[in-house]
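# Structure at a glance
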Amino acid sequence: MQKSGREGLEGGNIIGSGIFISPKGVLEHAGSVGLALIIWVLGGGVAALGSLCYAELGVTIPKSGGDYSYVTEIFGGLAGFLLLWSAVLIMYPTSLAVIALTFSNYVLQPVFPSCIPPYNASRILSMVCLFLLTWVNSSSVRWATRIQDIFTAGKLLALALIIIVGFLQIFKGNYKELTPSNAFNFWMTPSVGHLALAFLQGSFAFSGWNFLNYVTEELVDPRRNLPRAIFISIPLVTFVYTFTNIAYFTAMSPQELLSSNAVAVTFGEKLLGYFSWVMPVSVALSTFGGINGYLFTSSRLCFSGAREGHLPSLLAMIHVKHCTPIPALLVCCLATLIIMLIGDTYTLINYVSFINYLCYGVTIIGLIVLRWKKPKIFRPIKVNLLIPIIYLAFWAFLLIFSLYSEPVVCGVGLIIILTGVPVFFLGVYWRNKPKCVNRLIGKPVPRCLAALLVALRSAGICLTSEPAALKQRSRPSPLTTHTFALAESMTCWGQKLCFVVYPQGGVAEEEEAPSAPSAHSRQLSSEIDMRK
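Residues numbered from 1 in each chain as written. Predicted model: local features only at pLDDT ≥ 70, side-chain atom pairs only at ≥ 80, totals over all residues. Heavy atoms only, no water.

The name given to the protein in an unreviewed UniProt entry is Solute carrier family 7 member 10, with Strigops habroptila as the source organism.

## Brief notes about the overall build of the protein
For the protein, the count of helices and strands is 25 helices and 2 strands. By residue count, 53% of the 532 residues in the protein fall in the buried class. Surface exposure of the protein reaches about 24,300 Å², of which carbon and sulfur atoms provide 67%. (Helix = DSSP H or I, 4+ residues; strand = E, 2+ residues; numbered from the N terminus. Buried < 20%, exposed > 50% of the residue type's maximum accessible area, 1.4 Å probe, protein only. Areas by Shrake-Rupley, 256 points an atom, 1.4 Å probe, with all protein chains shown as cover.)

## As for the environment of Phe296
Relative to the helices and strands, Phe296 resides in helix H13 (residues 278-307). In sequence terms Phe296 and Thr134 are 162 residues apart; their C-alpha atoms lie 8.7 Å from each other.

## A few points about empty space enclosed by the protein
Within the structure shown, the criterion is met by 4 cavities of 30 Å³ or more. Estimated volume of the second largest cavity: approximately 100 Å³. Breaking the lining of the second largest cavity down by element, the ones donating at least two residues are helix H3 (33-60), helix H9 (192-206), helix H15 (349-373) and helix H16 (386-405). Taken together, the residues that form the lining of the second largest cavity break down as 12 nonpolar, 3 polar and no charged. (1 Å grid on protein atoms, 1.4 Å probe; cavity = no way out; pocket = protein on both sides within 12 Å on 5 of 7 lines; lining within 4 Å. Points joined across faces, edges and corners; volume = space filled by probe spheres on them. Nonpolar A, V, L, I, M, F, W, Y, C, P; charged D, E, K, R; others polar.)

## Details of the side chain of Arg379
Among the structural elements, Arg379 can be located in the loop between H15 and H16. Excluding residues that lie within four positions of it along the chain, Arg379 makes contacts with Glu56, Thr60, Leu370, Arg371 and Lys374. (Contact = heavy atoms within 4.5 Å.)

## A short note on the environment of Gly25
Within the secondary structure, Gly25 sits in helix H2 (residues 18-30). With 177 residues separating them along the chain, Gly25 and Gly202 place their C-alpha atoms 7.8 Å apart.

## Let's talk about the pattern of salt bridges
The full count for this structure, using the stated rule, is 3 salt bridges. For the salt bridge of Glu56 with Arg379, the shortest nitrogen-to-oxygen distance reads 3.4 Å. Within this pair, whereas Glu56 is found in helix H3, its partner Arg379 is found in the loop between H15 and H16, the two being separated by 323 residues in sequence. By the burial criterion, Glu56 is buried, and Arg379 matches it. (Salt bridge = Lys/Arg side-chain N within 4 Å of Asp/Glu carboxyl O.)

## Some points on the packing of H2 against H3
Any two packed helices are characterised by how steeply their axes cross, that is the angle between the axes, and by the distance between the axes. Running from N to C, H2 and H3 point in directions that differ by 125°, and their axes come no closer than 9 Å. Judged by the inter-axis angle, H2 sits oblique to H3. Classified by chirality, the crossing of H3 by H2 is right-handed. Between H2 and H3, the residues in contact are Ile19, Ser22, Pro23, Val26, Leu27 and Ala30 and Val33, Leu35, Ala36, Ile39 and Trp40, respectively. Tallied by class, the residues present in the contact of H2 with H3 amount to 10 nonpolar, 1 polar and no charged. (Axes fitted to C-alpha atoms, helices over the stretch in contact; angles between N-to-C directions. Parallel < 35°, antiparallel > 145°, perpendicular 65-115°, else oblique. Left-handed = near helix turned anticlockwise from the far one by under 90°.)

As structure tokens, then:
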């Protein structure tokens, strides 16, 4: 991934729909304009601290997959699986659904100026956008990063317009709400719990600061470029968010902002006149780029989980020509569609924010644990130990008081994570299962799957391993023979795509760690020798 792609991916993932959604939530819990602006600045600082910790982990454990890869490497399979479980089940599909619905609502708002856009029209447009970007990400990594660059530039220009208009308002003397006497005029006294919820609302806008760690293996020289992308993107995003909120308050009173369902649109209607259409367009650009970035990174998380054996091996396959994880992209797209069709996904945003911060903290705890367990490991980047300690202090404050203020919302988030524990022990950890359990969860391989694997092999589509049940069958049964033709026709599309498994244990890894090859590498090598 080239230089412009990495900064575009990092900045484009952070600057999404959050800046058009979160200001209302931050202000509502902060109780004053001044405290809300302080929370936005502190939110950027906290994101910078977390990014520096992730930079050390990213170059010390140079694997794609971000949090999941680091937690699995440091704490073991169960912790990594729980993080993967919560991300695949809730975090990424829900975030994608919310952003896609935001995109469709803002695109349709000029068509339905006096009412809320129809439910079906909004869902259909969201699906079209999701399908289009899934196809783009399946076709080319370069196309995906180019889209990210273009739409990041587009929405930065739109936000720059908001900031410039805000400065013009200040120069004209329209800054009544920003004077110290008015800015810190509290209409409610915020409790510690309210402050925690305000930070939680702001964190939704800053979510994405760790996304570059999900594609570490695709970065060019990550030891140099990963910190560079962080140092450029985080201050830029903090500046944009803070001054965008300042611009909002030059046009609206706190009460007007709290009563607005679309803050940017209200701002445009008040100050831009005939050019008020720029605001819906800018939100559409922002969310379109956000969907692209979430698809790009969430598919890599599924890909990494499949490589570790925590998800089906199909998700560890990439296109032989385009080098894109097509099965993982399709799974992410399908999960998002299901959540999008279930109903109102906005109620899940609090779950997403809480689980996100929980995962961030566990990952950064892993950095301290890794310092203790492997003090002599090569670290191209090594942050001061005060940085993770300060971040974890804020993390503990945020989670404890968020759980105190919203016990039901945060409690459901914890329950969702813990439901992965029995799934892990049943599906991953417990290998020598009784036959009755194997039948219940779908093992050994059904005959139709056996025929499908035979068809894949005949088409030159190779898997790293085949189930032992398939290898034991030397003579197919009549049912298998009849199923073969159906499986062969079903795999016609797969034959054109020519999936291959991403190779493990590359040259760079062998040079850095000349230890014994992994079981997966040995298995892949033996399979290549057999083909020769």
